[in-house]
Amino acid sequence: MKAAVSSSGKTLESELDPRFGRASYFLIVDTETFDFEVKPNDQNMNLPQGAGIQAGKIVADCGVEVLITGNCGPKAYNVLDAVGIKVVTGTNGTVREVVEKFKNNALQYSQGPNVEGHWV
Amino acid sequence: MIVTVASGKGGTGKTTVAVNLAVIAPEGSVEVFDCDVEEPNAHLFIKPENIVTKEISTMIPDVDMNLCTLCGECEKICRFSAITMIAKKIMVFPEMCHSCKGCSMVCPAGAIKEGSRVLGSLLTGQSSRGFNLTWGELRVGEAMSPPLIKQVKNKIDKGIGKLFIVDAPPGTSCPAVVTLRDADFALLVAEETPFGLNDLALTVEGLKKLGVPMGIVLNRADMENGIIDDYAVRENIEILQRIPFSREAAKVCAKGHFLVDELPEIKALFQDIYLKIINNLNSIQKSDKGGQ
Amino acid sequence: MKELTVISGKGGTGKTSITASIASLAEKRVVIDADVDAANLFLTLEHKVVETESFEGGHKAEINPDICTCTGCGECFQRCQFDAISLNFTIDHISCEGCGVCAHFCPADAISFERQICGEKFISTTANGPMVHARLGIAEENSGLLVSQLRQRARQMAKEQHIPLIITDGPPGIGCPVIASVSNADALLIVTEPTLSGMHDMQRVMKLGRQMNAAIYLCINKADLNPEASEKIKEFCGSNNIRFAGEIPFDKAVIESMRMGQSLVTYSDGAASHAVKKVWQNVSSFLGETRDRLI
């Protein structure tokens, strides 16, 4: 299965970036082989509004089944929900650690956004 | 003519000045408009009757997926991320929409119809003192107040030749500016504190840009330190009146009563403010005519 | 890390004076002045600006008279929903929403559409932690965006410098910059006053706080000016699940401290100063209990 993880860096050893819309990168990780692909999110860092929506589109286009991140606001959640991507929020650690946790069923899917909408 | 009561800093007494002026003015000569739609207060003092409420909405896109060809043009033109295409679906985020109608204009399939989002309410009622009050109440959770403020201001019928007293929101950004533009005169209610002076100066800067003439009313003016006086002299703005601080006045306002009903010495001050405003407006009218 | 935002609904209830005091009492914190169009906190907290950055807001349309490709066709005039374009083809910046519809449809490519510098952001040092503040240009928009950027910067600094608390001085009202100030705060402190207007506005801002799922604290400023109303507010708190944080008496020391450019608790040891300290004790003990949020 492919999972997207919001990441502060470009490797599996990078810390998870708790922000979704304004995450530095997304790592698209194969949960079996740990092969991964890096998707930069820099065009979103300076968006005045709607970063969560744009980030949702990036992740959706990668064909992942799950997003693992720290915080996910209502608009981003709606986007992900609309395309059937499940969301895990409120976790931390390195990208490798969170994917391991996910594989071991130690993470739970969110039923909704875990933070309020915010401009930035 | 429109007199807008403004301040920059909140809580200096804008609403108090606006409603007491309305009461002191000759019966039938004024109307009051409360443009502080985030936190309207004038109605608490005026206690209007026969209130008519109208819901105010703004246009948002409503996409007919049967007609949509998924070309993505709507997403491209939208500056506010309010409409976006994800995995063969068009999603609309109503609270992000500024109602520019760009999406419906570019849609080649005519798939975008007009939906709506509630901004708040527009209310009108009559005071027992013989004037009308019009005000807006922004829906709690709605971020954009200027469109509702514009609706309140649209109710000003300049043709009827009355004095329109407008209560402005605090600050110097869009809500205050939308309210203050096209005022004939701005009545600035200031307090003699460093915060009061700082925010007054910002408002004056804004009014100069807008080209609105102004005068100052000093509220709670017991401090004798003259920081506003010095400023007014420097900027060449007339101080129309000083309303002294008194616990009695604070109590009357706290209860939602009119100062001019209960405190004769303050009533005299308001009569004087009213006359000075009328004089100012007359000279503005004259110079306007002279210029034509 | 915890985030506390001080709001009031009504302006002039004493938000900034109380925030300045709390910011002086907290051992280590980042403090934000989110009242970006009428910022006052810097007047009452001794500080030194160490970083200045310009604030880019939204886009604005401009018909450039020098390029002169404008043919006067009127397309932009007809399409603008905000009456921002006059018949002599100048664009009124105050009315312009920055939607770009005019530039998109202009057949002569005569309209430029660029992001605008709308203000300045500052980082300052103060006695017990950084202060993040800003100045929004007169009549500029995007105050909500600016507030969000200030909070983002504050969180970053709190994380880097291991500061456990962010205190935000919110703007009056309930609109865009207020929503940006309260979203995702752990707790709100509503500063109200015992007047009809104060009570009315407090209820609206409280409703907003509820929508944002924050814990809500309330204190009454100048409580002794109207003891009856103060009692009513206390009852209201009791029946609406709002934590009552205390009442502060009217005290001339508040304005005197402002004149001296100091926070109340630094300047005075009088009745109001004591009352504010008590409010802070109540709020800070709660903040210590709430679960840590991820930033």
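Residues numbered from 1 in each chain as written. Chains lettered and ligands numbered in written order. Predicted model: local features only at pLDDT ≥ 70, side-chain atom pairs only at ≥ 80, totals over all residues. Heavy atoms only, no water.

## Details of the sheet that holds strand β8 (residues 163–167) of chain B
Residues and elements named next belong to chain B. Just so we agree on the cut-off: Two strands are counted as paired when DSSP detects at least two bridges linking them. Only DSSP runs of H or I reaching four residues or more are called helices, and only runs of E reaching two or more are called strands; each is numbered from the N terminus. Angles shown run from 0 to 180 degrees and are taken between the N-to-C directions of axes, each axis being a line fitted to C-alpha atoms and, for helices, limited to the stretch in contact.
Taken together, the 9 strands give an open sheet; going across it, the order is β3-β6-β7-β2-β8-β1-β9-β10-β11, and neighbouring strands pair in mixed fashion. Strands at the two margins of the open sheet, each flanked by one partner only, are β3 (49–63) and β11 (238–243). Along the sheet, successive strands turn relative to each other by an average axial angle of 20 degrees, direction set aside. Pairing geometry for strand β2 (residues 30–34) and β8, over 5 bridges, is parallel. Paired with Phe33 across the bridge in β8 is Val166.

## Some thoughts on the interface of chain B and chain C
Here is the rule we go by: Contacts: residue pairs with any heavy atoms within 4.5 Å of one another. The term buried area means the drop in 1.4 Å probe accessible area that two parts suffer when joined, counted for both and summed. What makes a salt bridge here is a side-chain nitrogen of Lys or Arg within 4 Å of a carboxyl oxygen of Asp or Glu, nothing more. Between N or O atoms, a polar contact is any pair within 3.5 Å; within protein, one atom must be a potential hydrogen donor and the other a potential acceptor, and residues adjacent in sequence are included only when both atoms are from side chains. Asp, Glu, Lys and Arg are counted as charged, while Ala, Val, Leu, Ile, Met, Phe, Trp, Tyr, Cys and Pro are counted as nonpolar; the rest, among them Gly, fall into the polar class.
On the chain C side, the residues contacting the 56 residues of chain B number 58 residues. Between chain B and chain C, the buried area comes to about 4900 Å², and carbon and sulfur atoms account for 61% of it. The largest share of the area that chain B buries against chain C comes from Glu39, Val140 and Phe195 of chain B, three residues that together contribute 16% of it. In this structure, Arg204 of chain C and Glu39 of chain B form a salt bridge, with 3.5 Å as the shortest nitrogen-oxygen distance. The interface formed by chain B and chain C holds 24 residue pairs in polar contact (both at pLDDT 80 or more) in total. For the side of chain B that touches chain C, the secondary structure elements donating two or more residues are α2 (42–46), α4 (102–106), β7 (132–138), α6 (174–180), α7 (194–210) and α9 (247–254) of chain B. For the side of chain B that touches chain C, the element with the most residues is α7 of chain B, which contributes 9 residues. Here the side of chain B that touches chain C is composed, by residue class, of 22 nonpolar, 17 polar and 17 charged.

## Focus: the pairing of strand β8 (residues 215–221) of chain C
All names here are of chain C. What counts here: Accessibility here uses a 1.4 Å probe with only protein chains present; expressed as a share of the type maximum, an area under 20% marks a residue as buried, one over 50% as exposed, and anything in between as partly exposed. Crossovers are described as right-handed under a simple rule: with the strands pointing away from the observer, the path leading from the first strand over the helix to the second runs clockwise.
Judged by how many residues are buried, β8 sits mostly within the fold: 7 of 7 residues are covered. The alternating pattern of β8 places Ala215, Tyr217, Cys219 and Asn221 and Ile216, Leu218 and Ile220 on opposite faces, both of which are buried. Pairing of strand β7 (residues 187–192) with β8 involves 6 bridges; the strand directions are parallel. In the sheet register, Ala187 faces β8, and the bridge partner there is Ala215. Each parallel crossover has a hand, and for β7 linked through helix α6 (residues 196–211) to β8 it is right-handed. Handedness of the crossover joining β8 and strand β9 (residues 243–248) through helix α7 (residues 227–239) is recorded here as right-handed.

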